[in-house]
Amino acid sequence: MKGSKGFMTINKIMVVGSGTMGSGIAQVMAQHGYEVILNDIKPEFVERGLQSITKQLDKAVSKDKMTEQEKEATLKRLTASTDYTDAEDVQLVIEAATENKNIKLDIFKKLAEITPEDAILASNTSSLSITEIANATSRPEKVIGMHFFNPVPVMKLVEVTRALTTDDQTAQTILDLSQSIGKTAIDVTDSPGFVVNRVLIPMINEAVFTVYEGVATMEEVDDSMKLGANHPMGPIALADYIGLDVCLAIMTVLYEGFNDSKYRPCPLLKKYVEAGRLGRKTGRGFYEYA
Ligand code: 3HC
């Protein structure tokens, strides 16, 4: 089950960031036999991540998708950490921390010093340049993007994003690892929004424009895309699910990265972010959540 088909054998991984994405990544990795250290800045954050993983595994057991023994074995492979020095014997770090450039650059710089020389450093960033992150480290050839989709246990894709400096061995190892956890990986070069977000987020932004311009209500836009395009979720509901601040940040990266007005963020999207209505995570975005 483990990713030993590539050039390098991965057994032990640190996941930095125990929020929705980090805990989802840690869960999937542990379910597929990897030893995972889940790291965050505060013990209570890590504890919350581990609790959400336990809840997901309990659900899987109750649906007969996993045995109680498999659940226990998965949980045993997960350990909590608030100290980067716990990564001194890992073969891979997957960073899924806050989407803030300076925070990420700092994490990568520190982890490059602590981890073994040949360990790979991957980022789950959805909008930042992998090449810039790589350049903050002492070994830019070992830095790569590993972009997962929410909810991680359900979504089948991983975008494996090569920085300008990433070597082939690193890319192949991560492509094989992605396959070993039951995902389909695409091999992409570092470009604003990569593939999925470059296509998906402008679609969401355009949906917000149709509401902004009074073409239809948000419910009508969502129903239209569910019934007319077979999307599992309407684009406005999906924006709330992703987080409106994240959608705006990705639109801004596309707008500035391509210097093209077709990526202009909708003023209504900006207003919601300014109002702190960021979607499900704040209890209110375009829709309200109990
Ligand atoms: N974690 C784990 N499993 C989950 C889950 C979660 N958070 N949410 C739902 N599931 C599972 C359910 O347990 C269920 O599993 P089952 O088939 O074994 O019973 C299955 O997914 C279907 O869930 P539901 O029946 O509750 O509801 P839906 O059928 O509506 O599915 C959904 C929910 C999977 C979220 C679906 O609506 C969907 O695919 N929506 C689109 C999601 C999407 O586009 N994600 C990508 C966002 S972009 C991104 O992440 C990139 C970033 O950079 C911005």
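Residues numbered from 1 in each chain as written. Predicted model: local features only at pLDDT ≥ 70, side-chain atom pairs only at ≥ 80, totals over all residues. Heavy atoms only, no water.

As a further point, take the domain arrangement of the protein chain. For the protein chain, the assigned domains read domain 1 (12-189) and domain 2 (197-279). Summarising the inter-unit geometry, the C-alpha centres of domain 1 and domain 2 are found 27 Å apart. Facing 5 residues of domain 1, the contacting portion of domain 2 comprises 5 residues. When domain 1 packs against domain 2, the two sides together hide about 460 Å² of surface, and 50% of this comes from carbon and sulfur. It is Ser126, Ser127 and Asn150 in domain 1 that bury the most area against domain 2; as a group they hold 70% of the surface buried on that side. If you look at where domain 1 meets domain 2, you find 1 residue pair in polar contact (both at pLDDT 80 or more). (Domains from an automatic or database assignment. Contact = heavy atoms within 4.5 Å. Buried area = accessible area lost by both parts, 1.4 Å probe. Polar contact = N/O pair within 3.5 Å; in protein donor to acceptor, adjacent residues only side chain to side chain.)

Looking at the protein chain as a whole, the pLDDT averages 96, with 98% of positions reaching at least 70. This stretch, residues 1-5, has a pLDDT under 50; its non-local contacts, to residues over four places away or in other chains, come to 19 contacts. As a predicted assembly, this complex carries a pTM of 0.95 together with an ipTM value of 0.96. (pLDDT = per-residue confidence, 0-100.)

Before going further, it helps to examine the sheet that holds strand β2 (residues 35-39). Working definition: the strands of a sheet are paired by backbone hydrogen bonds and lie parallel or antiparallel to each other. Across the sheet, which stays open at both edges, the 8 strands sit in the order β3-β2-β1-β4-β5-β6-β7-β8 with mixed pairing between neighbours. Edge positions in the sheet fall to β3 (78-81) and β8 (184-189), since each has one partner strand and no second. Along the sheet, successive strands turn relative to each other by an average axial angle of 25°, direction set aside. Inspection of the sheet shows strand β1 (residues 12-16) paired to β2 by 5 bridges, in the parallel sense. Bridging across to β2, Val15 finds its partner in Leu38. Across the sheet, helix α1 (residues 20-31) is in contact with β1, β2, β3, β4 (92-95) and β6 (143-147); its angle to β2 comes to roughly 165°. (Pairing = 2+ DSSP bridges. Helix = DSSP H or I, 4+ residues; strand = E, 2+ residues; numbered from the N terminus. Axes fitted to C-alpha atoms, helices over the stretch in contact; angles between N-to-C directions.)

Core analysis: the largest hydrophobic core is formed by 37 residues, its most contacted members being Met29, Leu92, Met146 and Phe148. Each residue touching Phe148, except ones within four places of it in the same chain, is listed here: Met21, Ile25, Met29, Asn124, Leu157, Val158 and Ile181. Counting 25 residues, the second largest nonpolar core, distinct from the first, contains Ala237, Leu244, Ile250 and Tyr287. (Core = buried A, V, L, I, M, F, W, Y, C linked by side-chain atoms within 4.5 Å. Buried < 20%, exposed > 50% of the residue type's maximum accessible area, 1.4 Å probe, protein only.)

Our next topic: the UniProt feature "site: Important for catalytic activity" (unreviewed entry) in the protein chain. Mapped onto the present numbering, the UniProt feature "site: Important for catalytic activity" (unreviewed entry) falls at His147. Among the structural elements, His147 can be located in strand β6. At 2.8 Å, the side chain of His147 and the side chain of Glu159 are in polar contact. (UniProt positions renumbered as here; feature names shortened; annotations may be inferred.)

Taken together, 18 residues sit near the ligand, with Lys63, Lys65, Ser126, His147 and Asn150 positioned nearest. Take His147: an N or O atom from its side chain is 2.7 Å from an oxygen atom of the ligand. Coverage of the ligand by the protein amounts to 63% of the 1,100 Å² it exposes when considered alone. Among the secondary structure elements, those contributing two or more residues to the shell around the ligand are α7 (196-212) and α9 (235-242). (Near = heavy atom within 4 Å. Areas by Shrake-Rupley, 256 points an atom, 1.4 Å probe, with all protein chains shown as cover.)

Moving on to the environment of Ser138. Here Ser138 is to be found in the loop between α5 (130-135) and β6. Between the C-alpha atoms of Ser138 and Lys76, which are 62 residues apart in sequence, the distance is 33 Å.

Next up on the list: the pattern of salt bridges. The tally for this structure, following the rule as stated, stands at 15 salt bridges. Here Asp168 ties to Arg162 by a salt bridge, and the two come within 2.8 Å at their closest N and O atoms. On the basis of relative accessible area, Asp168 is assigned to the exposed category, the value being 55%. Notably, a salt bridge pairs Arg264 with Glu206, separated by 3.8 Å at the nearest N-O pair. Of this pair, Arg264 sits in the loop between α10 (244-258) and α11 (267-274) while Glu206 sits in helix α7; the two residues are 58 residues apart in sequence, bridging distant segments of the chain. Each of Asp58, Glu68, Lys71 and Glu72 takes part in a single network of salt bridges with overlapping partners. (Salt bridge = Lys/Arg side-chain N within 4 Å of Asp/Glu carboxyl O.)

Here the focus is the pairing of β8. The pairing of strand β7 (residues 157-162) with β8 spans 6 bridges and is classified as parallel. Note on β8: the bridge partner recorded for Val160 is Asp187. In this fold, β7 hands off to helix α6 (residues 168-180), which returns the chain to β8; that crossover is right-handed. (Right-handed = clockwise from strand over helix to strand, strands pointing away.)

This next bit is on α10. Each turn of an α-helix holds 3.6 residues, which means side chains three or four residues apart point in the same direction. If you check α10, its first and last C-alpha atoms are 21 Å apart, about what 15 residues at 1.5 Å a residue would give, namely 21 Å. Of the positions making up α10, those classed as buried are Leu244, Cys247, Leu248, Ile250, Met251 and Leu254. Looking down the long axis of α10, one finds its buried residues gathered within 165° of arc, a one-sided arrangement. Structurally, α10 contributes buried residues whose contacts are with α7, α9 and α11. Of the residues flanking the end of α10, it is Asn259, one or two places downstream, whose phi is positive at about 50°. (Expected span 1.5 Å × (residues − 1). Arc of directions from axis to C-beta.)

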